[in-house]
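What follows is the residue order along each chain.
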Amino acid sequence: MIKKATEIMRERGPLLRMEARTVGFVGDTHTALDVTDKVIKHYFPLLDKLVFLGDYVDRGDTGVENLVQILSIFIKNPEKVIVLRGNHESPLTNLYYGFYSEVTKKFGSDAYVEFEELFSSMPYAALVNKVLCVHGGLSNGIRDVEEIEMLPSYDINPDDPQAFQILWNDPREEVTGFVPSERGDGAFLFGRDVTEEFLTHNDLTRLIRGHEVADGFRFDMDGKVITVFSSRYHHMSAGMLVMSGQSLTKIYL
Ligand SMILES: [Mn+2]
């Protein structure tokens, strides 16, 4: 399953583009099997596209099983399911937050490298209609959305500073431009000014992302940036956003 998914992802590259009428967005699940299961059983059949915004593993001991559910619908419906990379699809976090130990315990010490291959093949972004979907946010070196297509492939950590920021950055209403983030070296907070400039310049309407704990959802910058959070780990609601034409529906899983 990992090999098949890796193969499909590698053919497509780091930026996916698509048009769709009814699209579901699922945020960080972090091993929450029941959330992923509900999305697949109850909502997936009603959607034209389903976008997973990254962070499938770590913070629990069912990362493998969570990934298996997601990869199995991805392999069967590669045109309908988008599996974006999160900052937890990386050894930078897996070595410290549980997934590396989980894989080693379940499959032995050689198995993790296959997950690394899969994670480094996952796309960084999807353009759905005029909405940009990423795990973290905008990157301070990327002005044209097309530049995402040029990001290096198979970047395990990733080491590319722009790719790293897409996975790690956070929006902040009160910030101007990009300022260093408390998350650590190489990660930034991005403000309303750069967000509006990026969206206008690329003829986009909004950014949908995960990466931060929220009670299902958080709307910033007059809804130009929406955070979807779908994990059980922080004991808040797991959300799924459905966009149908111009309308947005919040679903609590
Ligand atoms: Mn994250």
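Keep in mind that this is a model prediction, so the values were computed, not measured.

A. Seen up close, helix α1 (residues 2–12). For α1, the full list of buried residues reads I2, A5, T6, I8 and M9. Burial along α1 is one-sided: seen end-on, the buried residues are contained in an arc of 165 degrees. When the buried face of α1 is taken as reference, the exposed residues oriented beyond 90 degrees from it are K3 and E11. Taken together, the buried residues of α1 touch α3 (63–76), β4 (81–83) and α6 (112–119). In the segment just after α1, G13 is the residue with positive phi, at about 85 degrees.

B. Highlighting the pairing of strand β11 (residues 217–220). Two strands pair when backbone bridges link them, and β11 and strand β12 (residues 225–228) are joined in this way by four bridges, in the antiparallel orientation. By the bridge assignment for β12, F217 is matched with V228.

C. A look at the side chain of S230. Positionally, S230 belongs in the loop between β12 and β13 (239–244). Overall, the relative accessible area of 0% leaves S230 in the buried class. A distance of 2.7 Å separates the side chain of S230 from the backbone nitrogen of G27, its partner in a polar contact. Polar contacts involving the side chain of S230 include one to the main-chain carbonyl oxygen of G239, which spans 2.6 Å.

D. Expanded view of the pairing of strand β10 (residues 206–209). Here β10 shows no split at all, with R206 and I208 on one side and L207 and R209 on the other all buried. Here strand β6 (residues 131–133) pairs with β10 via three bridges, running parallel. Bridge pairing in β10 links V131 to R206. As paired elements, β10 and β12 share three bridges and run parallel to each other. Looking at the pairing, L207 lines up with V225 of β12.

E. Just the side chain of D28, in detail. Assignment of secondary structure puts D28 in the loop between β2 (22–26) and α2 (33–43). Within the local environment of D28, its side chain forms a polar contact with the backbone nitrogen of H211, the two atoms lying 2.8 Å apart. The contacts of D28, once residues within four sequence positions are left out, are G54, D55, H135, G210, H211, V228, F229, S230 and S231.

F. Region of the structure containing the coordination of the manganese ion. The protein atoms that coordinate the manganese ion are D55 (OD), N87 (OD1), H135 (NE2) and H211 (ND1), at distances spanning 2.2 to 2.3 Å. Sequence spacing of the donor residues for the manganese ion, all on one chain, is D-x31-N-x47-H-x75-H. On the criterion of sequence distance, the pair formed by N87 in the loop between β4 and α4 (91–97) and H135 in the loop between β6 and α7 (161–168) is long-range, its members being 48 residues apart. This pair shows no difference in class: N87 is buried, exactly as H135 is.

G. Quick look at the packing of α3 against α6. Packing of α3 against α6 brings their axes to within 14 Å, and their N-to-C directions diverge by 45 degrees. As far as their axial angle goes, α6 and α3 are oblique. Handedness of the α3/α6 crossing: left-handed. In this structure, α3 uses V64, L67 and L71 to contact α6, whose residues at the interface are F115, L118 and F119.

Rules used in this analysis
Residues numbered from 1 in each chain as written. Predicted model: local features only at pLDDT ≥ 70, side-chain atom pairs only at ≥ 80, totals over all residues. Heavy atoms only, no water. Buried < 20%, exposed > 50% of the residue type's maximum accessible area, 1.4 Å probe, protein only. Helix = DSSP H or I, 4+ residues; strand = E, 2+ residues; numbered from the N terminus. Arc of directions from axis to C-beta. Contact = heavy atoms within 4.5 Å. Pairing = 2+ DSSP bridges. Polar contact = N/O pair within 3.5 Å; in protein donor to acceptor, adjacent residues only side chain to side chain. Donors = N, O, S within 2.8 Å, 3.2 Å for Na, K, Ca; no water. Axes fitted to C-alpha atoms, helices over the stretch in contact; angles between N-to-C directions. Parallel < 35°, antiparallel > 145°, perpendicular 65-115°, else oblique. Left-handed = near helix turned anticlockwise from the far one by under 90°.

All quantities given are derived from atomic positions and should not be read as evidence of function.
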